[in-house]
Protein chains: 2
Amino acid sequence: MAKLGRPRAKGPSESGRSTEEDILLAAAKLFTEIGYGSTSTHRLADEAGLSQATMYHYFAGKKDVLLALLLETVRPSVTFAQAVVPRPEPTAARIWALCAYDARLLLSGRHNVGALYLVPELSDDHFTPFHAERKKLYIAYRKLVGEALGLGAREAHPLASAAFGLVESVILRRRTEGRLPQSTPPLIADSALRILGLDPVTHSAGDALVEEIGAELPVD
Amino acid sequence: MAKLGRPRAKGPSESGRSTEEDILLAAAKLFTEIGYGSTSTHRLADEAGLSQATMYHYFAGKKDVLLALLLETVRPSVTFAQAVVPRPEPTAARIWALCAYDARLLLSGRHNVGALYLVPELSDDHFTPFHAERKKLYIAYRKLVGEALGLGAREAHPLASAAFGLVESVILRRRTEGRLPQSTPPLIADSALRILGLDPVTHSAGDALVEEIGAELPVD
């Protein structure tokens, strides 16, 4: 994934995006609309408005493009989780903020990239870095749930896993319901606290914490 | 999907399953392990131990096989929902039973067929019957949630959709966590009631209702 300022084969992007971002956006569209397996590198380069040679300059192959896309669905939440876990606010507020942020991330972007979590190709070792990041994120959920309920990792697992699953369920819902309303992430965060039997957090307090951590969501 | 007793090209199944079931099991394996797009009808017939001609006697094509598989993940829950909605038990108990049954169905079977909910090919009109059944199921959830909370369909939607998503999240979890414990469906059902702010239902009462409706889950 070199990032030298090499000129584009077909001239500069009209989008204001970098070449790498053009490739990722084209891949998000094709992988979710026609499928990862059915997308050739030829078609991918074409959709991105590049020659295959230029594309190979940025990504060693289709697998690398998928890996980069998948990491974008999870890394910002890992960064957020690592910032929120040690904060002094009450645990319920921190759990609320993490769920709301994570759900917003999964609902962001023009294409439902999370749908690729279920493609069989993800069993390939090439995607270990994605699985490792997603596990880090899950472990942050479990840590916070354990802290809130006074449970060890093993005991916290079933509830943490239910809350984590609830957040990720927006991937399935987005496929069925289309664009979900902006009220969905806070409702998901409220619901997670209910599952855990924790007292509710006001949305203004939760949102303030998200903002204070200052994490930005990708916009397209 | 004719079901005449035509002899198998390669002799009787050793499994005790019908030829149609052999095809569906082979498809569930290949579609989830190598992908729907990457599975040829040739390979599918081969995996089922049949000639392509015999397979075409049962299914007009790969799409029909996928449709049949998808319907198996939702029809039993629709039947269950239609039986549970008009029952005299308290609404919370009926919601609990529906969530537990539906989660068990999605966790049943050797292969995680629900993973196919996200394949892009499902936008094809051919799969309208599946989307229609899944919508029927969702409408039953929404009806029960509306009844429990005294809300109309529109108002009940966000919470019903969160509960429905929570149940379907077992599809994503199964992919990550592997075989989920038998305690998962009741925990999902408990969690759904919590999301809705309803009083808990004892597992014995919930299980008794599931059993009374007498719906059987497919076993493999």
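What you see is a predicted model; the values in this text were computed from it and never measured.

## Structural notes on the overall build of chain A
Part 1 of the argument: Helix and strand counts for chain A come out as ten helices and zero strands.
Part 2 of the argument: Ordered by position from N to C terminus, the α and β elements of chain A give α-α-α-α-α-α-α-α-α-α.
Part 3 of the argument: Relative to the 2.2 N^0.38 estimate, which gives 17 Å for 220 residues, the radius of gyration of chain A is 19 Å and therefore close to what a compact globule would have.
Part 4 of the argument: Along the three orthogonal principal directions, the C-alpha set of chain A runs to about 55 × 35 × 35 Å.
Part 5 of the argument: When the 220 residues of chain A are sorted by exposure, 54% land in the buried category.
Part 6 of the argument: Restricting to contacts in chain A with at least 6 residues of sequence separation, those with at least 24 account for 73%.
Part 7 of the argument: Surface accessibility of chain A: about 9800 Å² in total, with carbon and sulfur atoms responsible for 52%.
Part 8 of the argument: Averaging the positions of the 25 positive and the 26 negative side-chain charges in chain A gives two centres separated by 3 Å.

## Examining the pattern of salt bridges
Part 1 of the argument: In this structure the tally under the stated criterion is 18 salt bridges over all chains.
Part 2 of the argument: With a shortest N-O distance of 2.9 Å, Glu212 of chain B and Arg87 of chain B are connected by a salt bridge. Taken as a pair, Glu212 of chain B in helix α10 (residues 203-213) and Arg87 of chain B in the loop between α5 (75-84) and α6 (91-107) lie far apart in primary sequence, 125 residues in all.
Part 3 of the argument: Bridged by salt links that share partners, the residues Arg87, Glu89 and Glu212 of chain A form one connected network.

## Details of the interface of chain A and chain B
Part 1 of the argument: Contacts between chain A and chain B engage 35 residues on the former and 34 residues on the latter.
Part 2 of the argument: Between chain A and chain B the total buried area reaches about 2800 Å² when both faces are included, carbon and sulfur atoms providing 59% of it.
Part 3 of the argument: Among the residues of chain A in contact with chain B, Leu118, Leu172 and Arg175 of chain A are the three that bury the most area, contributing 26% of the side total.
Part 4 of the argument: Inspection of the chain A/chain B interface yields 16 residue pairs in polar contact (both at pLDDT 80 or more).
Part 5 of the argument: Among the elements of the structure, α1 (19-33), α8 (153-177) and α9 (184-195) of chain A are those that each provide at least two residues to the side of chain A that touches chain B.
Part 6 of the argument: If you tally residues by element for the side of chain A that touches chain B, the top one is α8 of chain A, at 15 residues.
Part 7 of the argument: Across the side of chain A that touches chain B, the residue classes tally to 17 nonpolar, ten polar and eight charged.

## A closer look at the relation of the copies chain A and chain B
Part 1 of the argument: Taken as rigid bodies, chain A and chain B are interconverted by a rotation of 180 degrees and an axial shift of 0.0 Å, the fit giving an RMSD of 0.0 Å. The transformation just described matches what one would write down for a two-fold rotation axis.

## Things to note about the domain arrangement of chain A
Residue and element names in this part refer to chain A.
Part 1 of the argument: The domains assigned to chain A are domain 1 (19-69) and domain 2 (73-213).
Part 2 of the argument: Distance between the C-alpha centres of domain 1 and domain 2: 28 Å.
Part 3 of the argument: With 13 residues of domain 1 at the contact, the number on the domain 2 side is 13 residues.
Part 4 of the argument: Together, the buried faces of domain 1 and domain 2 total about 1200 Å²; carbon and sulfur atoms form 74% of this surface.
Part 5 of the argument: Counting the surface domain 1 buries against domain 2, the share from its top three residues, Thr32, Lys63 and Leu67, is 40%.
Part 6 of the argument: Among the ionic pairs, Asp124 bridges to Lys63, the shortest N-O distance being 3.1 Å.
Part 7 of the argument: Between domain 1 and domain 2 we count three residue pairs in polar contact (both at pLDDT 80 or more) in total.

## Re the UniProt feature "DNA-binding region" (unreviewed entry) in chain A
Part 1 of the argument: If you check UniProt for "DNA-binding region" (unreviewed entry), the listed places come out as residues 40-59 of chain A in our numbering.
Part 2 of the argument: Along residues 40-59 of chain A the backbone is 75% helical and 0% strand, and the end-to-end C-alpha distance reaches 14 Å.

## A short note on the UniProt feature "domain: HTH tetR-type" (unreviewed entry) in chain A
Part 1 of the argument: Per the UniProt record, the feature "domain: HTH tetR-type" (unreviewed entry) sits at residues 17-77 of chain A.
Part 2 of the argument: Its end C-alpha atoms 23 Å apart, residues 17-77 of chain A is made of 72% helix and 0% strand.

## Things to note about the packing of helix α7 (residues 128-149) of chain A against α8 of chain A
Residues and elements named next belong to chain A.
Part 1 of the argument: One way to put it is that α7 packs onto α8 with a least axis distance of 8 Å and a crossing angle of 120 degrees. In terms of axis orientation, α7 runs oblique to α8. For the pair α7 and α8, the crossing hand works out as right-handed. Contact residues: Arg134, Leu137, Tyr138, Tyr141, Arg142, Val145, Gly146 and Leu149 in α7; Ala153, Ala156, His157, Leu159, Ala160, Ser161, Phe164, Val167 and Glu168 in α8.

## Some details on the environment of Gly150 of chain A
Part 1 of the argument: With respect to the helices and strands, the residue Gly150 of chain A is situated in the loop between α7 and α8.
Part 2 of the argument: Residue classification places Gly150 of chain A among the exposed residues on the basis of a relative accessible area of 68%.

## Brief notes about α7 of chain A
Helical geometry: 3.6 residues make up each α-helical turn, so side chains three or four residues apart lie on a common side.
Part 1 of the argument: An ideal rise of 1.5 Å per residue puts 32 Å on 22 residues; α7 of chain A measures up with 31 Å between its terminal C-alpha atoms.
Part 2 of the argument: Every buried residue of α7 of chain A is listed here: Phe130, Glu133, Arg134, Leu137, Tyr138, Ala140, Tyr141, Leu144, Val145 and Gly146 of chain A.
Part 3 of the argument: Those residues of α7 of chain A that are buried are in contact with α4 (62-72), α5 (75-84), α6 (91-107) and α8 of chain A together with α8 (153-177) of chain B.
Part 4 of the argument: Downstream of α7 of chain A by a residue or two, Gly150 of chain A has a phi angle that is positive, lying close to 65 degrees.

## Details of the environment of Glu21 of chain B
Residues and elements named next belong to chain B.
Part 1 of the argument: Take Glu21: it is sitting in helix α1 (residues 19-33).
Part 2 of the argument: Given a relative accessible area of 43%, Glu21 falls into the partly exposed group.
Part 3 of the argument: When the C-alpha positions of Glu21 and Pro88 are compared, they lie 36 Å apart, and in sequence the two are 67 residues distant.

Calculation rules
- Residues numbered from 1 in each chain as written.
- Chains lettered and ligands numbered in written order.
- Predicted model: local features only at pLDDT ≥ 70, side-chain atom pairs only at ≥ 80, totals over all residues.
- Heavy atoms only, no water.
- Helix = DSSP H or I, 4+ residues; strand = E, 2+ residues; numbered from the N terminus.
- Rg over C-alpha atoms; globule rule 2.2 N^0.38 Å.
- Buried < 20%, exposed > 50% of the residue type's maximum accessible area, 1.4 Å probe, protein only.
- Contact = heavy atoms within 4.5 Å.
- Areas by Shrake-Rupley, 256 points an atom, 1.4 Å probe, with all protein chains shown as cover.
- Lys, Arg positive; Asp, Glu negative; His and termini not counted.
- Charge placed at Lys NZ, Arg CZ, Asp CG, Glu CD.
- Salt bridge = Lys/Arg side-chain N within 4 Å of Asp/Glu carboxyl O.
- Buried area = accessible area lost by both parts, 1.4 Å probe.
- Polar contact = N/O pair within 3.5 Å; in protein donor to acceptor, adjacent residues only side chain to side chain.
- Nonpolar A, V, L, I, M, F, W, Y, C, P; charged D, E, K, R; others polar.
- Least-squares fit on C-alpha atoms with pLDDT ≥ 70 in both.
- Domains from an automatic or database assignment.
- UniProt positions renumbered as here; feature names shortened; annotations may be inferred.
- Axes fitted to C-alpha atoms, helices over the stretch in contact; angles between N-to-C directions.
- Parallel < 35°, antiparallel > 145°, perpendicular 65-115°, else oblique.
- Left-handed = near helix turned anticlockwise from the far one by under 90°.
- Expected span 1.5 Å × (residues − 1).

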